[in-house]
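Geometric and topological summary
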Amino acid sequence: VGDEAPAFRARVSDGAVVSLAANEGDVVVLDFFATWCPNCHKAAPHIQALHEAWAANEEVRVIGVHFDANYTKGHPTEWATKHGYTFEIVPDGRAVVEAYGIEMLPAVVVVGRDGRVLHKQWNFYAGDVEKVTELIREELWGADAAKGAS
């Protein structure tokens, strides 16, 4: 936390390229997951809730990054569609996983507007939606505005 976030470029499910550089000045939430990971299945609805809370704000982007190319439990795009998850998905996120040093799943990394890692955690529960929302508010509007919005 506090270090410059590793740069990345990756393709999302629709073929578009996402990169940290293209989102400079925005808050980027990276959800590292795998379709074969039971705890990732438990975290995904909360990631979706976070995505829905910020979907109308163009300064916040939630991106699911699949851990590897092991699709034995389903392709990430099909899995997301089946469960109604609408955040962007990087189906083969191996390079992003490596760049961020992710070894456990699920993992959530929040990158601030200045390109530095604001927050990193393993697992993601219902209560974490508000915690990360507060962090995003503070990053976008400052500490006083974030406290007032609670």
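The structure contained in this document is the topic of the report that follows. If you're wondering where the values come from, they're calculated on a predicted model, not measured in any experiment.

Attention shifts here to the overall build of the protein. Helix and strand counts for the protein stand at five helices and seven strands. Order of helices (α) and strands (β) in the protein, N terminus to C terminus: β-β-β-α-β-α-β-α-β-β-α-α. Against the 2.2 N^0.38 benchmark of 15 Å for 150 residues, the protein shows a C-alpha radius of gyration of 14 Å, consistent with a compact globule. Projected onto the principal axes, the alpha-carbon positions of the protein cover approximately 45 × 30 × 25 Å.

Before going further, it helps to examine the packing of aromatic side chains. Following the criterion strictly, the structure yields seven aromatic pairs and no others. Residues Trp79 and Tyr85 carry aromatic rings whose centres are separated by 5.3 Å and whose planes lie at 55° to one another, so their mutual orientation is tilted. This pair shows no difference in class: Trp79 is buried, exactly as Tyr85 is. Among the aromatic side chains, those forming a connected cluster through ring pairs are Phe33, Trp79, Tyr85 and Phe87.

About the criteria used
Residues numbered from 1 in each chain as written. Predicted model: local features only at pLDDT ≥ 70, side-chain atom pairs only at ≥ 80, totals over all residues. Heavy atoms only, no water. Helix = DSSP H or I, 4+ residues; strand = E, 2+ residues; numbered from the N terminus. Rg over C-alpha atoms; globule rule 2.2 N^0.38 Å. Phe/Tyr/Trp six-rings, centres within 6.5 Å; stacked < 30°, edge-to-face > 60°. Buried < 20%, exposed > 50% of the residue type's maximum accessible area, 1.4 Å probe, protein only.

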